[in-house]
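# Fold and contact review
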Amino acid sequence: MPPKRKSTENDEAPPSKRPSLAADLTVAQVEKYLGAVGLKDAGKKLASESVDGGVAMSLTAADIKKMGIPAKQTKDVAKALDDLSHPLMDAFLRADKDGSFKIDVEELSHVMARAHGRPLSNEKVITLLAEVDLNDDGELDFDEFKGVLESGPNMSEDWAAVHKEISLASKIGHAVDDYFVPLQEIMRQGSMLSVSKPAAAPPRRIPSLMLRLVGFVFGMFVSAFFTIITVCVYLIYVVERINGRGQLMWQVGVRHA
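For every chain, the first residue of the written sequence is number 1, and numbering continues from 1 along that sequence. It should be noted that, the model being predicted, local features are given only for residues of pLDDT at least 70 and side-chain atom pairs only at 80 or more, the latter also being counted only at that level, while totals for whole chains, interfaces and linings use all residues. Side-chain metrics rest on all non-hydrogen atoms present in the structure, leaving aside hydrogens and water.

For the protein, the count of helices and strands is eleven helices and zero strands. When the helices and strands of the protein are listed from N to C terminus, the series reads α-α-α-α-α-α-α-α-α-α-α. Relative accessibility thresholds used throughout: buried, under 20% of the residue-type maximum; exposed, over 50%; partly exposed, between the two (1.4 Å probe, protein chains only). The buried share among the 257 residues of the protein stands at 26%. Between two residues, a contact is recorded if the distance between any of their heavy atoms is within 4.5 Å. A sequence separation of at least 24 residues applies to 62% of the contacts in the protein between residues at least 6 apart. Carbon and sulfur atoms make up 61% of the accessible area of the protein, which totals about 18,000 Å². Note on conventions: DSSP H or I runs of at least 4 residues are helices, E runs of at least 2 residues are strands, and numbering of each starts at the N terminus. Surface accessibility follows the Shrake-Rupley procedure with a 1.4 Å probe radius. Residue values consider only the protein chains on display as shielding.

What follows is the structure, given as structure tokens:
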């Protein structure tokens, strides 16, 4: 049986780098991957044991042997699974748009266009693929893809551009990790502290009913105040009008006299 992932309810996993694309492979995809590298029977065996990408990357030669893989295939299966952890595997899986675990002419044309910043002619892409297609099947498997990008000084300018683009993407990924992983650690430590320490008692608050009562009384006071002011202004206006009419009538009476 493959090793199982152990977890407990209170486990606090340390922060890690972004998981590789290979770690996200399903059981069926692992089986298809092994079939693509000529290990179809081994792929079926691992599928029967529900081995996905994450488990496959952790298997040792001893684990593979215990699963009933023939001794003559153990080394090849171990190498194929070890390749899942290779630094170039993510780039290979991104290029492999159809999930066949091989890069065809169309997929390579996208890789070259991204590396050069412009599309190359179909004839040029076919030539570039043929140069590194060691088994002449018209596609690149991971060994061929890895071989050309690790050829060093023997690498052509076109493949060197691909290598540069992959390296740049890797550096950007590491830069992102360097920023977010420490932040993730700080958040994890804070989470652990919040669990281990009792929560502080919340400050005492005035009951909401009391607040409503105070607000109501204050509102009534303000309303009464403005009502009194309004009444007073109106009374003053009325008194002034009465005084004005009294003076007018007195002046009229004096004239008639």
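Let's pick the thread back up.
The next point concerns the pattern of salt bridges. For this analysis, a salt bridge means a side-chain nitrogen from Lys or Arg found within 4 Å of a carboxyl oxygen belonging to Asp or Glu. Overall, the coordinates contain seven salt bridges when judged by the stated rule. Ionic pairing is found between Lys146 and Asp83, a salt bridge with its closest N-O pair at 3.4 Å. On the criterion of sequence distance, the pair formed by Lys146 in helix H9 (residues 142-149) and Asp83 in helix H5 (residues 71-83) is long-range, its members being 63 residues apart. Of the two residues examined, Lys146 and Asp83, each falls in the buried class. Within the structure, one salt-bridge network assembled from shared partners comprises Lys79, Asp83, Asp143 and Lys146.

The next subject is the confidence of the model for the protein. Think of pLDDT as the predictor's per-residue confidence, scored from 0 to 100. Residue-level pLDDT values for the protein average 79, and 68% of them are 70 or greater. Helix H10 (residues 157-196) is the least confidently modelled element of the protein, averaging 66 in pLDDT, while helix H1 (residues 27-36) averages 96, the highest of any element.

With glycine set apart, most residues show a phi of negative sign, and most peptide bonds adopt trans. Located in the positive-phi region is Ser50, a residue other than glycine, with phi close to 60°. Tracing the sequence through the fold places Ser50 in the loop between helix H2 (40-48) and helix H3 (53-56). Even without being a glycine, Asp136 presents a positive backbone phi close to 55°. The topology assignment puts Asp136 in the loop between helix H8 (122-132) and H9. Residue class for Asp136 comes out exposed when judged on its relative accessible area of 65%.

One can find Ser20 in the segment before H1. With sequence-adjacent residues up to four places away left out, Ser20 is seen in contact with Met57 and Asp90.

As a further point, take H8. Owing to its 3.6 residues per turn, the α-helix brings residues three or four apart onto one side. All of the buried residues in H8 are Val125, Leu128, Leu129 and Val132. Projected down its long axis, H8 shows its buried positions confined to an angular sector of 95°, all on one face. For H8, the exposed residues set more than 90 degrees away from the buried face come down to Glu123 and Ala130. Directions drawn from the helix axis to the C-beta atoms are what define this arc.

This part covers the nonpolar core. Nonpolar cores were defined as sets of buried Ala, Val, Leu, Ile, Met, Phe, Trp, Tyr and Cys residues, with membership established by side-chain atoms within 4.5 Å. Ranked by internal contacts, the top residues of the largest apolar core, which has 46 residues, are Leu46, Leu81 and Trp159. A total of five residues in this core trace back to one element, the largest contributor, which is helix H6 (residues 89-95). Ignoring anything within four residues of it in the chain, the contact list for Leu81 reads Leu34, Leu46, Ala56, Leu59 and Ile64.

Patches here are clusters of residues that have more than 30% relative accessible area and form no salt bridge, with a 9 Å joining cutoff for like charges and a 5 Å cutoff for nonpolar side chains (Val, Leu, Ile, Met, Phe, Trp, Tyr). A contiguous nonpolar surface patch, about 540 Å² in accessible area, is contributed by Phe221, Phe225, Phe226, Ile229 and Val233. Within the element layout of this structure, Ile229 appears in helix H11 (residues 208-256).

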